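Chain residues, written in single-letter form:
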Amino acid sequence: DQQVKQNSPSLSVQEGRISILNCDYTNSMFDYFLWYKKYPAEGPTFLISISSIKDKNEDGRFTVFLNKSAKHLSLHIVPSQPGDSAVYFCAASGPSGTYKYIFGTGTRLKVLA
Amino acid sequence: GAGVSQSPRYKVAKRGQDVALRCDPISGHVSLFWYQQALGQGPEFLTYFQNEAQLDKSGLPSDRFFAERPEGSVSTLKIQRTQQEDSAVYLCASSDRLAGNEQFFGPGTRLTVL
């Protein structure tokens, strides 16, 4: 039973345009959400996070939006750059322990030059 | 500064062999985590240490899996009598926060069981 779902396994975007990566979750008790980026042969790298008390968090080119009623979050990258090409994982944590991240299956983003 | 390091980076084991995977967390980080990432999946939580205490081992898939962190720094994940379904990338992460938010991941150890 997948509690965190990333339904798009891959996404291609032109350099300079917006990339939108989506994530859905089923457990309404999740209260903290994160995005990680992963390059081949490396571990995931923390990108941005959001607490359930917010609906938006911005850090440079990266913005995460949280829609609690829809149990949906999205990561926007503007403008997209070729170096953003990687696998992006959405993760959530909550009542079982804030440290216990539940990850989605990832979306592979390819930014075309 | 140095990040989380793991060794070996790649390990091939014959079915039934025991393996030991090492994690060196970022210096001073109190929290340490192990995850298992199967092919095409996201990382799955295995266990959590706060200093030397193993506070949560609910994700360990069987009693063949054992983790320790005896001095609150380096950690070892041991898998006894490996089976083919144990083939995965094993990721270690550390955090300077007790709650474990913003975990920093190592590069992982890719274990292949033949």
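That block above? That's the structure.
Sequence order as written defines the numbering, with residues in each chain counted from 1. Written order determines the labels here, with chains lettered from A and ligands numbered from 1. Only residues with pLDDT of 70 or above have their local features reported here, since the model is predicted, and side-chain atom pairs are shown and tallied only from 80 upward, although totals for entire chains, interfaces and linings are computed over all residues. Here the side-chain values reflect all heavy atoms present in the structure, with hydrogen atoms and water set aside.

Student: Outline the packing of aromatic side chains, listing residues and values.
Tutor: Stacked, tilted and edge-to-face are the three classes assigned to paired rings of Phe, Tyr and Trp, where Trp is represented by its six-membered ring and a pair needs centres within 6.5 Å; plane angles under 30 degrees give stacked, over 60 edge-to-face, the rest tilted. A complete count under the given rule lists 17 aromatic pairs over all chains for this structure. Taking the centre distance of 5.0 Å and the plane angle of 10 degrees together, the rings of Phe33 of chain B and Tyr48 of chain B count as stacked. Taken together, the residues span a long stretch of sequence, with Phe33 of chain B in strand S4 (residues 31-37) and Tyr48 of chain B in strand S5 (residues 44-50) at a distance of 15 residues. Seen in terms of ring centroids, Phe65 of chain B and Tyr90 of chain B are 6.4 Å apart; in terms of plane orientation they differ by 40 degrees. Their pairing is tilted. Of the two residues, Phe65 of chain B sits in strand S7 (residues 65-68) while Tyr90 of chain B sits in strand S9 (residues 88-95), which places them 25 residues apart along the sequence. Pair check on accessibility: Phe65 of chain B and Tyr90 of chain B agree, each one buried. Here the aromatic cluster, defined as three or more aromatic residues joined through ring pairs, consists of Tyr36, Phe46, Phe89, Tyr99, Tyr101 and Phe103 of chain A together with Phe33, Tyr35, Phe45, Tyr48 and Phe105 of chain B. Secondary structure counts use DSSP, requiring at least four H or I residues in a row for a helix and at least two E residues in a row for a strand, with both numbered from the N terminus. A 1.4 Å probe rolled over the protein chains alone gives each residue an accessible area, and that area as a share of the maximum for its type sets the label: buried under 20%, exposed over 50%, partly exposed in between.

Student: Can you tell me about the state of the cysteines, naming the residues and giving the values?
Tutor: Two cysteine sulfurs form a disulfide in these notes if their separation is within 2.5 Å. Inspection of the entire model under this criterion finds two disulfides over all chains. Between the sulfur of Cys23 of chain A and that of Cys90 of chain A lies a disulfide, 2.0 Å long from S to S. With the S-S dihedral at roughly -70 degrees, the linkage between Cys23 of chain A and Cys90 of chain A falls on the left-handed side. Of this pair, Cys23 of chain A sits in strand S3 (residues 19-25) while Cys90 of chain A sits in strand S9 (residues 86-94); the two residues are 67 residues apart in sequence, bridging distant segments of the chain. Assigned by exposure class, Cys23 of chain A and Cys90 of chain A land together as buried. Each sulfur in the disulfide pair Cys23 of chain B and Cys92 of chain B lies 1.9 Å from the other. Every disulfide takes its handedness from the sign of the S-S torsion; for Cys23 of chain B and Cys92 of chain B that torsion is -65 degrees, giving left-handed. Linking Cys23 of chain B in strand S3 (residues 19-24) with Cys92 of chain B in strand S9, this pair joins segments that are 69 residues apart in sequence. We classify Cys23 of chain B as buried; its relative accessible area is 0%.

Student: Break down the nonpolar core for me, with residues and values.
Tutor: Phe33, Trp35, Leu73, Leu75 and Tyr88 of chain A are the most contacted members of the largest nonpolar core, which has 23 residues in total. Going through the elements one at a time, S3, strand S4 (32-38), strand S5 (45-51), strand S7 (62-67), strand S8 (72-77), S9 and strand S11 (107-112) of chain A are the ones with two or more residues in this core. In terms of residue count, S9 of chain A provides more of this core than any other element does, four residues in total. Note on definitions: a residue-residue contact is assigned when non-hydrogen atoms from the two residues lie within 4.5 Å. When residues no more than four places from it in sequence are discounted, the contact partners of Tyr88 of chain A are Gln6, Leu21, Trp35, Tyr36, Lys37, Leu47, Leu75, Ile77, Gly106, Thr107 and Leu109 of chain A. We call a set of buried residues a nonpolar core when its members are Ala, Val, Leu, Ile, Met, Phe, Trp, Tyr or Cys and they connect through side-chain atoms within 4.5 Å of each other. Within the second largest apolar cluster, 20 residues are counted, among which are Leu21, Leu46, Phe49 and Leu111 of chain B.

Student: Kindly report on the pattern of salt bridges, identifying the contributing residues and their values.
Tutor: All names here are of chain A. For this document, the term salt bridge refers to a Lys or Arg side-chain nitrogen within 4 Å of an Asp or Glu carboxyl oxygen. According to the stated counting rule, one finds six salt bridges over all chains in the structure shown. A salt bridge links Glu58 to Lys56; the nearest nitrogen and oxygen atoms lie 4.0 Å apart. With relative accessibility at 52%, the residue Glu58 sits in the exposed group. By relative accessible area, which is 42% here, Lys56 ends up partly exposed. Among the ionic pairs, Asp84 bridges to Arg61, the shortest N-O distance being 2.8 Å. Here the residue Asp84 occupies a position in the loop between S8 and S9, and Arg61 occupies one in the loop between strand S6 (56-59) and S7, the gap between them amounting to 23 residues.

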